[in-house]
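Tertiary structure, described
Now for the letters of each chain:
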Amino acid sequence: ELKWKLMNREEVSQVRGVVLQKSTCEYWNKIWDFQAKPDDVLISSYPKAGTTWLQEIVDMIQNDGDIEKTRRAPTDIRMPFLERINPPYIIYVARNIKDNIVSFFHFQRMNKGLPDPGSWEEYFETFLEGKGLWGSWYDHVKGWWEAKDIYPILYLFYEDIKKHPRREIEKVMEFLGKNLDEKVLDKIVYYTSFNVMKNNPMSNYTLSSLMNQSVSPFMRKGVIGDWKNYFTVAQNERCNEDYREKMDDTTLSFSMEY
Ligand code: A3P
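Owing to the predicted nature of the structure, the values given are computational and were not obtained by experimental measurement.

**Overview of the overall build of the chain**
- For the chain, the count of helices and strands is 13 helices and four strands.
- Relative to its length of 258 residues, the chain is extended, with a C-alpha radius of gyration of 24 Å against a globular reference of 18 Å.
- C-alpha atoms of the chain, sized along the principal axes, occupy 70 × 45 × 35 Å.
- A burial count over the chain gives 8% of its 258 residues as buried.
- Taking the contacts inside the chain whose residues are at least 6 apart along the sequence as the reference set, 53% of them involve residues at least 24 apart.

Printed below as a string of structure tokens:
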């Protein structure tokens, strides 16, 4: 029997005999599974023993006493309570199967950390059969499409971002609970455009010794519809047929041309 039934307040429940807010109980397994990263700091206390005090002290130390930084957000945003956070937000990005195969083929050619892709004809078949690296494209895009109805997942499409970068970037911003002004958004649109990223050593993988960019650049073409330069008429028919069959059980749909 729970002692508190508060009107207009969050309900409570129990985990192993300890009374906690109901949402905390619901997410208990996730909280329990939490794995700290090596540089995480966990501040622990019984309520009202000085949590906020320590949070402020730790944040001041980590920011070298810079109050501009420590005043960037309220305490519970800067240092979320482990037992109060919702399941993590996930952002998923999907790309149409045809451009995805072509891009992956070139990536395997240039990435020495992955097996050689062999011929384009072979690669094409292996991909459709879901026997290539990272498994079936179909299972991946469909699985996440279903999961988005259960978990807080923002499902994005490469083709949408390419056609309407600003609109899609705004979706990501809203999903992350951020509100950035127009100028910052313009800046993000510019700095995440293909040509800028292609020339940025911090995003083009030119610093990676695994990638042989003379075989094929990591930032290769960045377009919709490059598959038309690779698919034979027969491969296109084969892919369309396979696609119709395997995508029959989903509402998910892709645009394959610009
Ligand atoms: P292409 O090989 O078709 O050019 P990932 O990052 O998942 O490995 O995907 C790499 C693909 O995304 C490559 O596709 C790369 O060029 C493309 N890409 C990366 N940044 C991009 C951008 N800003 N605009 C368009 N495409 C981009």
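**Overview of the domain arrangement of the chain**
- Once the domains are mapped, the chain shows domain 1 (12-84) and domain 2 (90-246).
- In this structure, domain 1 and domain 2 have C-alpha centres spaced 36 Å apart.

**Regarding the packing of helix α6 (residues 97-110) against helix α7 (residues 120-128)**
- Their axes nearest at 11 Å, the elements α6 and α7 cross at an angle of 125°. In terms of axis orientation, α6 runs oblique to α7. Once α6 is placed against α7, the crossing between them reads as right-handed. Contacts between α6 and α7 involve I101, F104 and F105 from the former and W120, Y123, F124 and F127 from the latter.
- In terms of residue class, the contact of α6 with α7 is made up of seven nonpolar, no polar and no charged.

**Here we look at the packing of helix α10 (residues 165-175) against helix α11 (residues 182-191)**
- Contact pair α10 / α11: the axes reach a minimum separation of 10 Å and the direction vectors enclose 115°. Considering their axes alone, α10 and α11 lie roughly perpendicular with respect to each other. With respect to the hand of their crossing, α10 and α11 are arranged in right-handed fashion. Contacts from P165, R166, I169 and E170 of α10 reach α11 at L185, I188 and V189.
- Residues that form the contact of α10 with α11 fall into these classes: five nonpolar, no polar and two charged.

**Concerning the site of the ligand**
- Contacts to the ligand come from 13 residues, most closely from S103, F194, R220, K221 and G222.
- At three residues, the largest contribution of residues to the shell around the ligand is made by α6.
- Residue composition of the shell around the ligand, grouped by class: three nonpolar, five polar and five charged.

**A look at α7**
- Listing the buried residues of α7 in full gives F124, F127 and L128. Down the axis of α7, the smallest arc covering the buried residues is 95°, so these residues share one side.
- Each element contacted by the buried residues of α7 is listed here: α6, α8 (137-147) and α13 (233-246).
- Count one or two residues on from α7 and you reach G130, which has phi positive near 75°.

**Section: unusual backbone geometry**
- Phi is positive for R16, close to 45°, though the residue is something other than glycine.
- With respect to the secondary-structure elements, R16 resides in the loop between β1 (12-15) and β2 (18-21).
- When the 6 C-beta atoms within 10 Å are taken as the criterion, R16 is described as exposed.
- Notably, D64 is not glycine yet its phi reads approximately 50°, a positive angle.
- For D64, the position within the fold is in the loop between α3 (51-62) and α4 (67-70).

**Focus on the environment of V141**
- Tracing the chain through its elements places V141 in helix α8.
- Counting along the chain gives 131 residues from V141 to E10, while the straight-line C-alpha distance between them is 36 Å.
- With near-sequence residues (within four places) excluded, V141 lies in contact with A94 and L252.

The rules we used
The numbering scheme is per chain: residues are counted from 1 as the chain's sequence reads. For a predicted model such as this one, the threshold for reporting local features is a pLDDT of at least 70, and the threshold for listing and counting side-chain atom pairs is 80 or more; totals across whole chains, interfaces and linings nevertheless cover every residue. The helix count covers DSSP runs of H or I at least four residues long, the strand count covers runs of E at least two residues long, and both are numbered beginning at the N terminus. Taken over C-alpha atoms, the radius of gyration is set against a globule rule of 2.2 Å times the number of residues to the power 0.38. Think of it as a crowd count around each C-beta: if 20 or more other C-beta atoms lie within 10 Å the residue is buried, if 12 or fewer it is exposed, and in between it is partly exposed, with C-beta placed from the backbone throughout. Each residue gets a C-beta atom placed from its backbone, and two residues are in contact if those atoms lie within 7 Å. Domain start and stop points were drawn from an automatic or database domain assignment. Between N-to-C directions, angles cover 0 to 180 degrees, with each direction set by a line fitted to C-alpha atoms, over the stretch in contact for helices. Any angle between 65 and 115 degrees counts as roughly perpendicular, while under 35 counts as roughly parallel, over 145 as roughly antiparallel, and the rest as oblique. Should the near helix be turned counterclockwise from the far one by less than a right angle, the crossing is left-handed, whereas a clockwise turn marks it as right-handed. Here the term charged refers only to Asp, Glu, Lys and Arg, the term nonpolar to Ala, Val, Leu, Ile, Met, Phe, Trp, Tyr, Cys and Pro, and the term polar to all other amino acids, Gly among them. Any residue whose C-beta atom, as set from the backbone, lies within 6 Å of a molecule or strand is reported as near that molecule or strand. By arc we mean the arc of the directions from the helix axis to the C-beta atoms, nothing more.

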